[in-house]
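# Close look at the chain arrangement
Now for the letters of each chain:
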Amino acid sequence: FSHEATTAPRIPSTRLALHHFDTSYSLHLGALWPSVRAGLLCEPKYGALLNNFAAADHVPRELELLNATDFVSEAPQKVQQWQQGAAAGEAARACQEGSGEGRTMTQAETSPLLCASVSSKIKCYTFPRGDITRFRPARPDALGLLDYYLMDAASLLPVLALNVQPDEFVLDLCAAPGGKTLALLQTGFCGHLAANDISVSRTKRLYQILHSYVPKEVRDTVSVTSYDGRDWDQVKGGTFHKVLVDVPCTTDRHSAMEEDNNIFHKRRTKERQMLPMLQLQLLMAGILAARPGGEVVYCTCSLSPLQNHCVVERALDIAEAQFDISVHVEDLSHFRMLFQDTFSFFSDCRLGELVLPHLTANFGPMYFCKLRRM
């Protein structure tokens, strides 16, 4: 053999990632996989998270003229219209059938609950399905605060699911690079926000975002730390009303598209195989950091069941068996109804919700599951 033959050419990490996805996701997603795969390989779609701290009253008007809408405030309005239509139909049927007794509660009667479960202070503009207009870069206001933050709009769903209430203590366990941290602050409700990330270099990016978007008096309510999130319960156990656990994952979109910093690189095989274990440890730390009655949202930007509902199921078992903590999975199926016009949801998720990339609505992937520590 010649020397050349002994070293196989390096297969690009993106190719390895796609091969891996083709093998596992075609099983998990079945007939949906080709469409999801096409979405992963195309330019992602963004949302513009409005910065409530900036003097940028003109921005909504500017975005609306471009045909963008705030998907957060728009959702309950659509649901109400849809429900009024359904209720009218229901009433007409009841008249035809005589008495309306013994009927089940219609959606119209549960609608205030649906609307209340979405924080109205967060505003995120997106272009309609199929519209691939790009947003202009963010601009500073008179005081130098940027007017909006461009992010995958699906990343807001875990923050909306957390549903922060006034003066709550909130922990963002894996906070860098900072988009979700910024969204948590946009609720205006964090009494105190602990933003932690194990990576010191990544917390630098988090500081940058806080400085570019948040005034000093609000920054002072945020403590940025660089602990290993797995040890968080030893630092401050059982103190938070709300905990966001946005774990490191296979970042499927990045892995399919970008060579640099790709977890499918041959050198990172062990690290990749250990991800579900790391995710489980982080979720356990998040559960232990929540006070009784507190809520935890676990999320990833992966389609992998092993990183998504499997991690949640293991955590529920361990919480019960090792810590005698009962954890309840909260139903988020109303998110599917609220946001069906903006995102493409996977309807067969065993636990939690999953946004699938789709060519007409190319957000995600984004898995999120809400837990309550009893």
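As named in an unreviewed UniProt entry, the protein is 5-cytosine rRNA methyltransferase NSUN4, taken from Pteruthius melanotis. In the Subcellular location (unreviewed entry) part of its UniProt record, the protein is described as follows: "Mitochondrion". Annotation of the protein in UniProt includes, under Sequence similarities (unreviewed entry), the sentence "Belongs to the class I-like SAM-binding methyltransferase superfamily. RsmB/NOP family."

In this structure the tally under the stated criterion is 1 cavity of 30 Å³ or more. Considering only enclosed or pocket space, the largest cavity measures out at about 30 Å³ in volume. Along the walls of the largest cavity sit His28, Leu303, Pro305, Asn308, His309, Cys349, Leu354 and Tyr367, which together make up its complete lining.

Our focus in this paragraph is the packing of helix α14 (residues 275-289) against helix α15 (residues 309-323). Close contact between α14 and α15 brings their axes to 9 Å; oriented N to C, the two are set at 50°. It follows from the interaxial angle that α14 and α15 lie oblique. The element α14 and its partner α15 pack so that their crossing is right-handed. Only Val311, Val312, Arg314, Ala315, Ile318, Ala319 and Phe323 of α15 make contact with α14, whose side of the interface consists of Pro276, Gln279, Leu280, Leu283, Met284, Ile287 and Leu288. In the contact of α14 with α15, the residues fall into 12 nonpolar, 1 polar and 1 charged.

With that settled, consider the nonpolar core. Within the largest apolar cluster, 52 residues are counted, with the highest numbers of intra-cluster contacts made by Phe71, Leu157, Leu160, Leu184, Phe339, Phe343 and Phe368. No other element matches helix α7 (residues 156-162), which puts 6 residues into this core. In contact with Leu157, not counting residues within four places along its chain, are Phe71, Phe335, Phe339, Phe343, Phe345, Val355 and Phe368. Membership of the second largest hydrophobic core comes to 49 residues, among which are Ala285, Ala290, Tyr367 and Leu371.

Basis of the calculations
Residues numbered from 1 in each chain as written. Predicted model: local features only at pLDDT ≥ 70, side-chain atom pairs only at ≥ 80, totals over all residues. Heavy atoms only, no water. UniProt positions renumbered as here; feature names shortened; annotations may be inferred. 1 Å grid on protein atoms, 1.4 Å probe; cavity = no way out; pocket = protein on both sides within 12 Å on 5 of 7 lines; lining within 4 Å. Points joined across faces, edges and corners; volume = space filled by probe spheres on them. Axes fitted to C-alpha atoms, helices over the stretch in contact; angles between N-to-C directions. Helix = DSSP H or I, 4+ residues; strand = E, 2+ residues; numbered from the N terminus. Parallel < 35°, antiparallel > 145°, perpendicular 65-115°, else oblique. Left-handed = near helix turned anticlockwise from the far one by under 90°. Contact = heavy atoms within 4.5 Å. Nonpolar A, V, L, I, M, F, W, Y, C, P; charged D, E, K, R; others polar. Core = buried A, V, L, I, M, F, W, Y, C linked by side-chain atoms within 4.5 Å. Buried < 20%, exposed > 50% of the residue type's maximum accessible area, 1.4 Å probe, protein only.

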